[in-house]
Amino acid sequence: MEEDEVFEDSSTPMCDDKKTAPLSSSNVYHSAQEVIVERASINEENNVPPDFRKAASVSEESAKPQRKSHHTFPHQSLPTFYDGERTVDFVLVWDQLNPRSCTEEAVKRRRVFEENLAHEGLELEYEKPEPNGLTFIKIHAPVEVLRRYSEILKLRMPMKEIPGLQDVHAKTNSLLDEMNTWFHHVMSKFYVDTNVFPPRSQRFTAVYSRDKEYLFDIQAEGFFTPAIHSRIVQFILDRKRFSEDEQDEFAFGIERLINEYVYTAAYPLHDGDLRQPGSWRYTLFMEWAAVRKSFRYQPLDYIKDYFGVKIGLYFAWLGFYTHMLIPASVVGVLCFIYSCVTLYNNQPSEDICNKHQSIKMCPLCDYFCDYWNLEETCLHARVTYLFDNPSTVFFAIFMSFWAATFLELWKRYSAEITHRWDLTGFDIQEEHPRPQYLARLAHIKKREINVVTNTMEPHVPFWRMRVPATILSFSIVLLLVAMAVAAVLGVVLYRMSMLAALSVYGSPEFNSYAILFTTTTAASINLCCIMVFNWIYGWLAEYLTELELLRTQTEFDDSLTLKIYLLQFVNYYASIFYIAFFKGKFIGFPSKYNRLFTYRQEECGPGGCLLELCIQLSIIMVGKQAMNTVLEMLFPLFFKWLNTLKVKTGVRPGSGYTRSTHQWVKDFKLVEWGPRGLFPEYLEMVLQYGFVTIFVAAFPLAPFFALLNNILEMRLDAKKLLTYFRRPVTQRVRDIGIWFRILDSIGKLSVITNGFIIAFTSNFIPKLVYVTSVSPDHSLSGFLEHSLSFFNTSDFEKGSEPAHVIENVTICRYPDYREPPESNNKYDKTAMYWHVLAARLAFVVVFENVVAVVMILVRWGIPDMAGELRDRIRREAYITNEIIIKQEAMRALGLSPTDDILLHEGRGKVSKFGGLERRLWHEYSSSELDLIMMEKENGAMNRFYSSGGGESSTDHPVMV
């Protein structure tokens, strides 16, 4: 393609998009006061409309010879304009074959919008339309725009280095830093490869100001990184107007233009191709996203530089969570190994399997089911012991401490990351309204002043719009919760009918397998229901949140997060809560069953419901993770395929069209990341965290399976971001946001649930009571007999007795503590029942309080920020201020960092400025430098300058 062809008129007969109207200076800014000042400072030359058809010319400031300022990494390879100098910082795309993009209103909006972009100082270059109708507009932000908006956004930028003051930035000491040499040698196999990702040295930063630009090394390569380029361009795109109608106060923002099909997409470009060695995208793909690198630490600083702080924090949290799962997994596996080793030493299961006691159990269902032998449940009893033994109690207590320690250590680690990434003191500025919010209120005539931005905004009618939306949202959420409960009830009915059918038609030896088969298939059906409901919940939750008319994106995301997590919590955990706390607890006894819709309630097996809880938990947790992993890779691949079809649409066979090699075309085929791209990733991990903590007493292997999943999850998420998604615009955040509060709530809930699972779901307390107060030799010998009550078969309710009896049975047994038939108070609860109940309640109280006290001690013993880090931050703040003072002193004396000047002072001392040497402030104290600065202002330094020591300067020092 010839270069001249790029700038030819890109219009087609279908869509004529002329750009000849006068420029509009109307704009919507983040801070009106700041921008009014900034607009006044813009040069008259910048207000002249550029020639759009021949690409905007380089501004006078950016045309001066200077170092390239668009490199983040040593070998960053960003695409450029056709002059080979200006980088492509952003791309706009619109489709000439889309009728909605070619209406008169769309053409006018596009023209005004692009003129306003150019009026703001951005430089645009137009590509020749593709045969498929796609038109690409490349955007470059020159240095003057970067300087201006860095000040508006209050970005913290690196200051000029001064030797001797940089040593305080050594990394905060951690436990691993104090390990011995051999351990570091072993761990070097897991650390980040410093040959590929050299350690980043931290530099002192300050809020950028053009008035104090002499403090910053603005000419340094990489001062304005590609992340800053794209962030500033996105900020401008989000706030530029697309209408000449001054009365339309909300005609602004690229997102609204995309929603109305004026544009098709807007995105920054990836750094090169995945198959192009030498780009950082390729390096990250090969050295970070590769599954073979799963056991290496993540290059977090480089991830942050490429994707931004928000995504960098997600991978930092995911990596920290995965590392914290290692001790939990080790302890869980050891507990399981202990269970396997002691399996044949468990007296109750051995009594069932080996003593051949002819214990006839009461029927499992009415009428159709016959009596059955307890020894048929031998397999069930032995498998139950693997998850219901003394190690379970230890592991539940350990995981409660682990959850508290995890959150406290994360806060400590997060403080170090916040410091290292220069987020300390970062505050999110006031956001503009969402385009969707404005669109829904377009018909509202009443306006009110926003007290923060001092702009007129639509007033949301409270009774007419907000209250009905809230009531509707609340009602539908309750309906969805009821649907989840109904699904659980349906699974319960399935289990009851399936168990009854297998009891009727199965052989006597099949009883033990029937229980396992029924539980497994029911859990699988429940998992399928959960995955279907997830689709319904996700769509409805977003729709309901839109109805709530939330003004900003942050408010919208927080409300959507809470809503979806509540629905997902009920969806995933309802069946597990049912088995853990309700199944088999209120069934009654054979002569008086408590019925539900005339049906008997489900009963637990002879060893309790813990095994069923374990099966349900393991299938849902492992199955969910496996399905999510597959779907997370398939859906982006599918949408990428759709975008590829869009690129090829309209290309006729034999037209001579060849596959484009331009990066902007390749990136268009990728999937849009979106403002909530991280939401499903966090949601998946937080739900997993619930499985690991809330019900860990029933499944000690949960942390181990979570660890295996997360090792792959980190690399697959990385591969997905680099392969299937367009490069996200960087975002600055301080922490993981509302997810931390959810994690904290889950940790507190887990203490309660684990205490009740051990006390009421497992057989730990009944066995403990039997050993301590009943057994003469303090063993479990006789516990099986002790835990089963007697029932006279003649006392069955009419119609519930077995219809087809193979042998005559007069007495059957059932698991409960009730009086025998010959007692005066037959079938009443025995004293042992109340004894066990009191012991269960006492255990819950003791467990909760002990764990709570230890968690308080953990929080007290692990401060949110290390003392050394706190001192380091204070020290760095002091030195940063010192650097500013020294630079002000040099500026007041007319010196520059490159001067080589001798300064004579009354005491006969001589100080030399060579490069950035610190000899001047080794000779003078801060107070003496202040006096020199004052003397300079009063003209007392004229003798020094007239003697050749320097040239007089009229600049005055800026007060810090």
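Residues numbered from 1 in each chain as written. Predicted model: local features only at pLDDT ≥ 70, side-chain atom pairs only at ≥ 80, totals over all residues. Heavy atoms only, no water.

1. Considering empty space enclosed by the protein
- Throughout the structure, instances matching the rule amount to five cavities of 30 Å³ or more.
- No other element matches helix α6 (residues 226–239), which puts four residues into the lining of the largest cavity.
- Looking at the lining of the largest cavity residue by residue, the classes come out as eight nonpolar, three polar and two charged.
- Each pocket or cavity is described by its volume, and for the second largest cavity that value is around 80 Å³.
- Lining the second largest cavity are F307, K310, I311, W673, G674, P675, G677, L678, P728, V729, T730 and Q731. (1 Å grid on protein atoms, 1.4 Å probe; cavity = no way out; pocket = protein on both sides within 12 Å on 5 of 7 lines; lining within 4 Å. Points joined across faces, edges and corners; volume = space filled by probe spheres on them. Helix = DSSP H or I, 4+ residues; strand = E, 2+ residues; numbered from the N terminus. Nonpolar A, V, L, I, M, F, W, Y, C, P; charged D, E, K, R; others polar.)

2. Considering the state of the cysteines
- Inspection of the entire model under this criterion finds two disulfides.
- Paired through a disulfide, C353 and C378 show a sulfur-sulfur distance of 1.9 Å. Judged by the sign of its S-S torsion, about 110°, the cystine formed by C353 and C378 is right-handed. Residue C353 is located in helix α11 (residues 347–354), and its partner C378 is located in helix α12 (residues 378–387); the two are separated by 25 residues in the primary sequence. In this structure, C353 and C378 share a single accessibility class: buried.
- Disulfide partner of C362: C812, at an S-S distance of 2.0 Å. Negative torsions about the S-S bond denote left-handed disulfides, and the value of about 80° found for C362 with C812 makes this one right-handed. Of the two residues, C362 sits in the loop between β7 (360–361) and β8 (372–373) while C812 sits in strand β16 (residues 811–815), which places them 450 residues apart along the sequence. In terms of burial, C362 and C812 fall into one category: buried. (Disulfide = S-S within 2.5 Å. Buried < 20%, exposed > 50% of the residue type's maximum accessible area, 1.4 Å probe, protein only.)

3. Points about the pairing of strand β2 (residues 123–126)
- Of the two faces of β2, the one holding E123 and E125 and the one holding L124 and Y126 are both buried throughout.
- As paired elements, β2 and strand β3 (residues 134–140) share four bridges and run antiparallel to each other. By the bridge assignment for β3, E125 is matched with K138. (Pairing = 2+ DSSP bridges.)

4. Looking at unusual backbone geometry
- Phi is positive for H778, close to 55°, though the residue is something other than glycine.
- Residue placement: H778 occurs in the loop between α23 (764–774) and α24 (783–787).
- On the basis of relative accessible area, H778 is assigned to the exposed category, the value being 52%.
- If you check the backbone angles, Y827 has positive phi at about 70° while not being a glycine.
- Within the secondary structure layout, Y827 lies in the loop between β16 and α25 (831–861).
- According to the relative accessible area criterion, Y827 is buried, its value standing at 4%.

5. Things to note about the nonpolar core
- W317, Y321, W402 and Y573 are the most contacted members of the largest nonpolar core, which totals 143 residues.
- Considering each element in turn, this core owes the most residues, 16 residues, to helix α17 (residues 553–581).
- Non-local contacts of Y573, meaning those with residues more than four positions away in its chain, are made with Y565, Q568, V686, L687, G690, F691, I694 and F695.
- Formed by 47 residues, the second largest nonpolar core is a distinct cluster that contains W94, I139, I152 and F204. (Core = buried A, V, L, I, M, F, W, Y, C linked by side-chain atoms within 4.5 Å. Contact = heavy atoms within 4.5 Å.)

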